[in-house]
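# Observations on the three-dimensional arrangement
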Amino acid sequence: MIYAMTRTRFAPSPTGFLHVGGIRTALFAWLLARQNDGQFILRIEDTDRKREVSGAEAHIMDSLKWLGLDWDEGPDSDGSHGSYRQSERLDIYKKWAQKLIDSGRAYADPYTTAEVQAFRDEAIKNKQPFLYRNHRPKKPPAWDGTMPLRFKSNPKFLSNWEGENAPVVDEVMGDKMFNNLTIDPDTTDDVVLVKSDGFPTYNFAHIVDDAEMEITHVLRGQEFLSSMAIYMDIYHALGLKAPKFAHLPHIMNEQGNKKLSKRDGAKDILDYAREGYLPEALVSFIATLGWNDGTEQEVFTVNELIEKFSLDRVHKSGARFDERRLLWANGHFLRQLDIKTLYALSVGENSKTKYQSTDYWPEEAEDADEEYKKQVIGLVQERLKFLAELPQLTEFFFKDLPVNPELISSHKQLKKLEKDDLKTLLQTAREEIAQSDFTTDDLQNRLNALLTLTHTKPAVLFSLIRIATTQSPASPGLAETMTVLGRETTLRRIDQQLRLL
Ligand code: GLU
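Every chain begins its residue count from 1, and numbering advances along the sequence as written. Only residues with pLDDT of 70 or above have their local features reported here, since the model is predicted, and side-chain atom pairs are shown and tallied only from 80 upward, although totals for entire chains, interfaces and linings are computed over all residues. Heavy atoms throughout the structure, all of them, feed into the side-chain values; hydrogens and water do not.

## Concerning a negative patch on the surface
A contiguous patch of negative charge on the surface is contributed by E349, D359, E363, E366 and D367. Secondary structure follows DSSP: runs of H or I at least 4 residues long count as helices, runs of E at least 2 residues long count as strands, and numbering of each begins at the N terminus. Position of E366 among the secondary structure elements: in the loop between α12 (339-346) and α13 (370-380). Summary of the burial criterion: residues with accessible area below 20% of their type's maximum are buried, those above 50% are exposed, and those between are partly exposed, where the area comes from a 1.4 Å probe applied to protein chains only. Residue E366 is classed as exposed on the basis of its relative accessible area of 66%. Two joining distances apply to patches: 9 Å for like charges and 5 Å for nonpolar side chains (Val, Leu, Ile, Met, Phe, Trp, Tyr), and every residue must have over 30% relative accessible area and no salt bridge. Residue exposure ignores everything except the shown protein chains as possible cover, and the areas themselves are Shrake-Rupley values with a 1.4 Å probe. Here a salt bridge means any side-chain nitrogen of Lys or Arg lying within 4 Å of a carboxyl oxygen belonging to Asp or Glu. As used throughout, the charge tally considers Lys and Arg to be positive and Asp and Glu to be negative, leaving His and the chain termini uncounted. Think of each charge as sitting on NZ of Lys, CZ of Arg, CG of Asp or CD of Glu.

## Considerations on a positive patch on the surface
On the surface, K412, K415, K416 and K457 cluster together into a positively charged patch. Here K416 lies in the loop between α15 (406-409) and α16 (419-434).

## Some points on the side chain of R43
Along the chain, R43 turns up in the loop between β2 (39-42) and α2 (56-67). By the convention used here, residues are in contact when the closest approach between their heavy atoms is within 4.5 Å. Aside from chain neighbours lying at most four places away, what touches R43 is R9, F10, A11, P12, Y84, Q86, H206, D209, D210 and M213.

## A closer look at the nonpolar core
Nine residue types can take part in a nonpolar core, namely buried Ala, Val, Leu, Ile, Met, Phe, Trp, Tyr and Cys, and a core is a set of them joined through side-chain atoms within 4.5 Å. Counting residues in each nonpolar core, the largest one holds 85 residues, and the members touching the most others are F28, L64 and F204. The element best represented in this core is helix α1 (residues 20-35), accounting for 10 residues. The contact partners of F204, leaving out residues within four places of it in the chain, are Y93, W96, A97, L100, L193, V194 and L238. By size, the runner-up hydrophobic cluster in this structure holds 29 residues, among which are F333, L334, I377 and F396.

## Topic: the pattern of salt bridges
On inspection of all chains with the given rule, the structure shows 33 salt bridges. Between R7 and E73 there is a salt bridge, and its shortest N-O distance comes to 2.8 Å. A residue pair is termed long-range when its members are at least 10 positions apart, and R7 in strand β1 (residues 7-10) and E73 in the loop between α2 and α3 (90-102) qualify at 66 residues. Across the pair D210 and R9 runs a salt bridge whose closest N-O atoms are separated by 3.0 Å. Pair noted here: D210 is in helix α6 (residues 202-212) and R9 is in strand β1, with a separation of 201 residues, a long-range link.

## Structural notes on the packing of aromatic side chains
When we look at a pair of aromatic rings, we describe it by the centre distance and by the angle of the planes. Ring pairs are drawn from Phe, Tyr and Trp, using the six-membered ring of Trp, whenever the two centres fall within 6.5 Å, and their geometry is named by plane angle: stacked under 30 degrees, edge-to-face over 60, tilted for the rest. What the rule picks out here adds up to 14 aromatic pairs. Both rings, one in W361 and one in F398, keep their centres 5.7 Å apart while their planes meet at 80°; by these two values the pair is edge-to-face. Residue W361 is located in the loop between α12 and α13, and its partner F398 is located in the loop between α14 (390-394) and α15; the two are separated by 37 residues in the primary sequence. For F398, a relative accessible area of 14% corresponds to the buried category. Here the aromatic rings of Y372 and F398 are separated by 5.6 Å at their centres, their planes lie at 85°, and the arrangement is edge-to-face. Of the two residues, Y372 sits in helix α13 while F398 sits in the loop between α14 and α15, which places them 26 residues apart along the sequence.

Structural data, given as structure tokens:
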């Protein structure tokens, strides 16, 4: 879907870190801009001073940068529609507020908290919903900026709004936006436009900004759907043409029974960077939270996404967050890397982000040489799902782990054998292996010969040798592993196991 000019924005509030939910909104908006040669704008919505967290703005920018979601205009760039921080745009909101006052669509709210409470109590007593618009002051005072400024809502606005400014369907939710009771115009009320601290509310500021910044598509979470009637009323009152809207479905927890929360694993996106995930994998995974291209394809490169993404394939219902899919996608992208790149990442030499500047190797690898580590990472690359897993997967390449009897006693096949038989088997294997030149081919041939010689299955023989040489239930290919460990270490470890059998 190509639009003549596409300007999308991501408008986070600097109240904490970004998790997959926020990033998905940013990603979809970014993809839409990029596929239409449009612009992607970053706007910081910092009008709620109480909720602001220091450092959050920088953190948000770092998260987007790490994922490669670059913006054309934002707080750190010029752009012709600045400032891109709402706290620096107060004069602009004042100007638009004045328009509404002049046209009789906004008024100063003169009530004290106690008076409002009395209205509320009365409504409860009469079993009526409490609405500000039922208590509009007959003669509101002039607005001096110390009182809240309220919108004079018009619940009937939708029925008499026609023509080119009239709202259309939601790009994702379709006509649900107007047919659904959640946006019953009767519930529109006199919302606050500007608070008594001089800062605008989200309700007002985003409409002014989206118009001033010439945003063509507003992408945001579905939680804003229920306020659409109010927003439309405000657009109407301001004489503005509303942009296109795309409300994105919730991201649900793994069970799919509630919205994903921090407790269900919605963590700081930069934690994934720290743990050694690849931005490509995150982007692919997040893009497929509620979107697919209509085929079975599960992972996408950024370029494929730019080409294939479309709002009309975004699902209307919640997407499930399944971290195993992310692990799988990350493993997929890690396997595409050449050893040089993978190694550089593993030692924290990733020039793209400061969040991956740590060395992921186990402590014992500190003195190991680069060539050896490259061999090791080449072996575990197939199974590696994220870099922070390296110690667990590679520790045995760097130190002799103590013999763990449980590896045998809990092994499906090995636990059925007598100790003596295990010992004989391992002794036979040792003799054969000792004659090897420790090239992988030769080791592999000898392992195969041993299967015939001892009449055992790989699940028995190879597991036993694997346990003896690695003290781990799993490892890369056995012959390859022994080649990298080398003769001395391999035999020493087999002997260690033999002594304890
Ligand atoms: N500041 C709002 C939020 O963080 C943005 C919503 C929007 O994109 O309009 O939820």
